[in-house]
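Structural characterization, general
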Amino acid sequence: PSEAALTNGRQPEPDRLAEEQETLARALRLVGQLPENPQRVLRLKFEHGLSYREIAAATGLSPSNVGYLIHVGLKALRQKLS
């Protein structure tokens, strides 16, 4: 369920849920079109739930570079989704 559904105790409407699932599927496809480093850090952050520090340790990048790549990747995804 979406965050809104959890906060008001109701299930999301089926059409809204389908729209959210479609947007998520599209976003995941678009992540695959990003350059390697932004794609890798976004997957580690959002699919695996790692912190910037954990991502830095796993990739050999600095935490600030991880933050920058996540920012750039999310910005690119927003532009592609709109």
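What comes next concerns the included structure.

Rules of the game
Residues numbered from 1 in each chain as written. Predicted model: local features only at pLDDT ≥ 70, side-chain atom pairs only at ≥ 80, totals over all residues. Heavy atoms only, no water. 1 Å grid on protein atoms, 1.4 Å probe; cavity = no way out; pocket = protein on both sides within 12 Å on 5 of 7 lines; lining within 4 Å. Points joined across faces, edges and corners; volume = space filled by probe spheres on them. Helix = DSSP H or I, 4+ residues; strand = E, 2+ residues; numbered from the N terminus. Expected span 1.5 Å × (residues − 1). Buried < 20%, exposed > 50% of the residue type's maximum accessible area, 1.4 Å probe, protein only. Arc of directions from axis to C-beta. Contact = heavy atoms within 4.5 Å.

Quick word on the layout of surface pockets
The volume enclosed by the largest pocket comes to roughly 210 Å³. Breaking the lining of the largest pocket down by element, the ones donating at least two residues are α2 (14-31), α3 (36-46) and α5 (63-81). Element by element, the count of residues in the lining of the largest pocket is highest for α2, at four residues.

What about α2?
Each α-helix winds once per 3.6 residues, and so residues spaced three or four apart point in a common direction. For α2, built from 18 residues, the straight-helix expectation of 26 Å at 1.5 Å per residue is met to within 8% by its first-to-last C-alpha distance of 26 Å. Within α2, burial applies to A27, L30 and V31. The arc enclosing the buried residues of α2, seen along the axis, measures out at 100 degrees, which places them on a common side. The exposed set on the far side of α2, more than 90 degrees from its buried face, consists of P14, D15, Q21, E22 and R29. Residues of α2 that are buried make contact with α3 and α5.

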